[in-house]
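Working through the structure, step by step
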Amino acid sequence: MDKIATPEGTKAILNKYSFVFRKKFGQNFLIDPHVLDEIIYASEITKEDCVLEIGPGIGSVTQELIKHAGKVIAVEIDKMLIPILEKQFGEVQNFKLIHEDILKVDLKKLIEEESPGKRIKVVANLPYYITTPIIMALLEDELSIESITVMVQKEVAQRLAAPPGSKQYGAITLAVNYYAKPHLAADVPRNCFMPSPNVDSAVLKMTLNKEPVVAINNTKQLFRIIKAAFAQRRKTLLNTLMANGELNLSKEALKQLLDESGIGATTRGEALSLQDFASLSNYIDEHRM
Ligand code: SAM
């Protein structure tokens, strides 16, 4: 079979099946074989691995995943792509195709059934309209996942992997850091896709933490504080946490807790690491009256 992730390979399949792109599904197919190599390299897939691919499209990435992995499970929403994928890979032993919306799949059950007792690796050129809900579901749902290697909009990748203090650093960066170690693996220009999107992309790898990276008494409170701290990022912690009101403390009590915890009432959220937020949340939990 010819390589699909090239302009010629992709055009040949589109013509053969008279496929019409559906914008609402975020369909931008990869046509650059070097970028595909970078995705495969970053994901560190071996024959021992079971891979979950989200949105296989016409199989540009799938074709390479099948070669490198022990097993590939692909979940595709577009019914027009199902016969194409079945024709391309239906005979392949280690390939399983599921026609479903990824946000509706019971992933815990699927992983248990398809990869019993083993952790899986997720690889995807994600549909941009639902990047964040997909990533957060993969991180938060306590699934048996080892790593997530995804193509996303460059701006999103920079936000998810941003260092503290940077312009892109925000509540979502801290949420990702709580569950995983993010790493920007490659920048990908927009002309590597068909049709070409209006923005550039990047390959982001998130390796899930085996052990929690922070000791936290109350995870819900930690995320409430983080969300409030970035709701008005130019304000001091004292002012933005007071404006949010969810901690239910007087201004004096909150100022005292912030100062005594060592974080300081006049600090801004963007200067704090996940560890800092965890110490603050634990301190408030233990010392509030
Ligand atoms: N993997 C292919 C590639 O790299 O060329 C296609 C990537 S394209 C950016 C996104 C793919 O996700 C499309 O095939 C689209 O139909 C599919 N998709 C969109 N929304 C989806 C959803 N909710 N669940 C599963 N697949 C979805």
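Conventions used here
- Residues numbered from 1 in each chain as written.
- Predicted model: local features only at pLDDT ≥ 70, side-chain atom pairs only at ≥ 80, totals over all residues.
- Heavy atoms only, no water.
- Helix = DSSP H or I, 4+ residues; strand = E, 2+ residues; numbered from the N terminus.
- Buried < 20%, exposed > 50% of the residue type's maximum accessible area, 1.4 Å probe, protein only.
- Contact = heavy atoms within 4.5 Å.
- Areas by Shrake-Rupley, 256 points an atom, 1.4 Å probe, with all protein chains shown as cover.
- Lys, Arg positive; Asp, Glu negative; His and termini not counted.
- Charge placed at Lys NZ, Arg CZ, Asp CG, Glu CD.
- Core = buried A, V, L, I, M, F, W, Y, C linked by side-chain atoms within 4.5 Å.
- Domains from an automatic or database assignment.
- Buried area = accessible area lost by both parts, 1.4 Å probe.
- Salt bridge = Lys/Arg side-chain N within 4 Å of Asp/Glu carboxyl O.
- Near = heavy atom within 4 Å.
- Polar contact = N/O pair within 3.5 Å; in protein donor to acceptor, adjacent residues only side chain to side chain.
- 1 Å grid on protein atoms, 1.4 Å probe; cavity = no way out; pocket = protein on both sides within 12 Å on 5 of 7 lines; lining within 4 Å.
- Sits in = over half its atoms within 2 Å of the grid points.
- Nonpolar A, V, L, I, M, F, W, Y, C, P; charged D, E, K, R; others polar.
- Points joined across faces, edges and corners; volume = space filled by probe spheres on them.

1. Some remarks on the overall build of the protein chain
Helix and strand counts for the protein chain come out as 12 helices and nine strands. The principal-axis extent of the C-alpha atoms belonging to the protein chain is close to 70 × 40 × 30 Å. Across the 289 residues that make up the protein chain, the buried fraction comes to 52%. Of the contacts formed within the protein chain by residues at least 6 apart in sequence, a portion of 68% connects residues at least 24 apart. Put simply, the protein chain shows about 14100 Å² of open surface, and 50% of that area lies on carbon and sulfur atoms. The distance from the centre of the 35 positive side-chain charges to the centre of the 36 negative ones in the protein chain is 4 Å.

2. Concerning the nonpolar core
Proteins that are soluble and globular tend to have nonpolar side chains buried together. Counting 66 residues, the largest nonpolar core has Leu 52, Ile 54, Leu 138, Leu 139, Ile 145, Ile 148 and Phe 277 as the members making the most contacts within it. Taken together, domain 1 (7-208) and domain 2 (219-287) each give at least three residues to this core, which thus spans both. Among all residues touching Leu 139, those that are not within four sequence positions of it are Ile 148, Val 176, Tyr 179, Ala 180 and Leu 208.

3. Here's the deal with the domain arrangement of the protein chain
Splitting the protein chain by domain gives domain 1 (7-208) and domain 2 (219-287). Taken together, the contact between domain 1 and domain 2 spans 12 residues of the former and 13 residues of the latter. For the pair domain 1 and domain 2, the summed buried area comes to about 860 Å², and 71% of that belongs to carbon and sulfur atoms. Considering only the side of domain 1, the residues that lose the most area to domain 2 are Tyr 169, Leu 174 and Tyr 178, jointly responsible for 55% of the buried surface there. In this structure, the connection of domain 1 to domain 2 is made through zero salt bridges.

4. Some words on the pattern of salt bridges
Pairing is possible between side chains that carry opposite charge, provided their charged atoms lie close to one another. The tally for this structure, following the rule as stated, stands at 15 salt bridges. With a closest N to O distance of 2.9 Å, Asp 49 and Lys 121 form a salt bridge. One end of the pair, Asp 49, is in the loop between α2 (33-43) and β2 (50-54); the other, Lys 121, is in strand β5 (residues 120-125), and 72 residues separate them in sequence. For the pair formed by Asp 49 and Lys 121, the shared burial category is buried.

5. Regarding the site of the ligand
What surrounds the ligand is a group of 25 residues, the closest being Leu 30, Gly 55, Glu 76, Asn 125 and Tyr 129. A distance of 3.4 Å is found between a nitrogen atom of the ligand and a backbone nitrogen or oxygen belonging to Pro 56. Take Glu 76: an N or O atom from its side chain is 2.6 Å from an oxygen atom of the ligand. Judged by the fraction of its atoms near the pocket grid, the ligand is located in the largest pocket. For the shell around the ligand, the secondary structure elements donating two or more residues are β1 (29-30) and β3 (71-76). Class assignment of the residues belonging to the shell around the ligand gives a composition of 13 nonpolar, seven polar and five charged.

6. Considering the layout of surface pockets
One water molecule sets the probe size; rolling that probe over the atoms shows where empty space is left. In this model, the largest pocket occupies a volume close to 630 Å³. Elements represented by at least two residues in the lining of the largest pocket include exactly β1, β2 and β3. When the residues that make up the lining of the largest pocket are grouped by side-chain class, the tally is 21 nonpolar, nine polar and five charged. If you add up the space inside the second largest pocket, you get close to 290 Å³. Taken together, 15 residues form the lining of the second largest pocket, with Leu 139, Glu 142, Tyr 178, Tyr 179 and Asn 209 sitting closest to its centre. Of all the secondary-structure elements, those providing two or more residues to the lining of the second largest pocket are α6 (131-140) and α8 (171-179). When residues in the lining of the second largest pocket are grouped by element, the largest group, three residues, is from α6. Of the residues assigned to the lining of the second largest pocket, the class counts are nine nonpolar, one polar and five charged.

7. As for the side chain of Asp 49
Residue classification places Asp 49 among the buried residues on the basis of a relative accessible area of 9%. Polar side-chain contacts of Asp 49 include one of 2.7 Å to the backbone nitrogen of Thr 46. Ignoring any residue separated from it by four or fewer positions in sequence, one finds Asp 49 in contact with Glu 44, Ala 69, Gly 70, Lys 71 and Lys 121.

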